[in-house]
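# Architecture at a glance
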Amino acid sequence: MVVAVPFAPGADRADVSVRVTNRRGVKSPPARIYRTYVAPIGDLYVLAVAVADYDDDRLDLMSPLKDARGVLARFAAEGGRTYRTVHTRSIGLPGDVDVSAAALEEARVTFLSKAGRGDTIIVFVAGHGVEHETGGWYFLTSNATPDRPFPGVPRQTLKRLVLGEGLQAARRVLFIDSCHAGEEFRPGTRGVGVDDAFEQEDVDAAYAEGSGVYIVAASSANGVARETADHGVFTRALLD
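So, here is what we can say about the structure in this document.

Attention shifts here to the sheet that holds strand β5 (residues 120–126). What the five strands build is an open sheet, ordered β4-β3-β5-β9-β10; its pairing is parallel. Either end of the sheet is taken by a strand with one partner, and the two such strands are β4 (86–91) and β10 (212–217). Recorded for the sheet is a direction-independent mean angle of 10° between the axes of neighbouring strands. Pairing between strand β3 (residues 44–50) and β4: six bridges, direction parallel. Bridged to L44 within β4 is V86. Across the sheet, helix α1 (residues 64–76) touches β3, β4, β5 and β9 (171–177), and the angle it forms with β3 is around 170°. Along the sheet, helix α3 (residues 155–163) makes contact with β3, β5, β9 and β10, crossing β9 at roughly 150°.

Right, dumping it as structure tokens:
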């Protein structure tokens, strides 16, 4: 049984006393429950990107579209709770524009940049990721292949969704459910991959304020990301 206990106007703490009566009318000793109201911390901007259908049918995946929908729905449920309002956008789902570097850049400028300093940005990406022999990592778009990944989205373009200029949100997270998505960490980065576009002093300042930028990958630089007919294994863990 679930009982909703409203907070008094202006109060941030509820003190509830509960007693249980059995069928014989015997009452239990009172149990006191304390709950503290935590106000939403601002708006949440969620961008979900997925590629499952490739021109080369051998590359087709089962779960990225389900993954993207699941992530959007899960975070949307936090509207009015953890976050004041949840704003969502997707790229690659039916009815959306196709995934491309240009589409991601447009989403960064027209959607993610709307997040204010007190807001949070979450970007979720699901599909194939490959490390090309030239040393560059690419997220494969529908017209790309492991042998020819160049029409895809390079790593730096993905990272611009949380590190690019014009972004104000203090909290930004990039989730990548792809193979070979991890990077080696530079010493002193505390788990955040840092490059020239985001200097170490910026990382330190973000941590000092209790906020920051996080990139969370489903696999190491040499690892693979698994999927099932339901969800990618990484995404399933994220949703749980």
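That shown, we press on.
Mapping D43 onto the fold places it in the loop between β2 (31–36) and β3. Polar side-chain contacts of D43 include one of 3.3 Å to the backbone nitrogen of T85. In contact with D43, not counting residues within four places along its chain, are Y83, R84, T85, H87, D119 and T120.

Across the sheet, three strands lie side by side as β6-β7-β8; this open sheet has antiparallel pairing. Of all strands in the sheet, those bounded by a partner on one side alone are β6 (129–131) and β8 (153–154).

This part takes up the packing of aromatic side chains. All chains considered together, the criterion is met by three aromatic pairs. Centre to centre, the rings of Y138 and F150 are 5.7 Å apart; their planes meet at 85°, and the pair counts as edge-to-face. One end of the pair, Y138, is in strand β7 (residues 137–139); the other, F150, is in the loop between β7 and β8, with 12 residues separating them in the sequence. With a centroid separation of 6.3 Å and an interplanar angle of 55°, the aromatic rings of F175 and F234 are classed as tilted. Here F234 lies in helix α5 (residues 233–239) and F175 lies in strand β9, a separation of 59 residues in the sequence. Residue F175 is classed as buried on the basis of its relative accessible area, which comes to 11%.

Cut-off values and rules
Counting restarts for each chain: residues are numbered from 1 in the order of the written sequence. The model is predicted, so local features are restricted to residues of pLDDT at least 70 and side-chain atom pairs to those at 80 or more, both for listing and for counting; the totals for chains, interfaces and linings are taken over all residues. Side-chain measures here rest on the full set of heavy atoms in the structure, leaving out hydrogens and waters. At least two bridges found by DSSP between two strands is the condition for calling them paired. Numbering goes from the N terminus for both helices and strands, where a helix is a DSSP run of H or I of at least four residues and a strand is a run of E of at least two. The convention used is that axes are lines fitted to C-alpha atoms, helices contributing only their stretch in contact, and that angles between N-to-C directions extend from 0 to 180 degrees. Throughout, a residue-residue contact means that at least one pair of heavy atoms, one from each residue, lies within 4.5 Å. Whenever two N or O atoms come within 3.5 Å, that pair is a polar contact, provided that in protein one can donate a hydrogen and the other can accept it, and provided that, for residues adjacent in sequence, both atoms are side-chain atoms. Any Phe, Tyr or Trp ring, taking Trp's six-membered ring, that has another such ring centre within 6.5 Å forms a pair; planes under 30 degrees apart are called stacked, those over 60 apart edge-to-face, and the others tilted. Accessible area is worked out with a 1.4 Å probe on protein chains only. A residue is then buried under 20% of its type maximum, exposed over 50%, and partly exposed in between.

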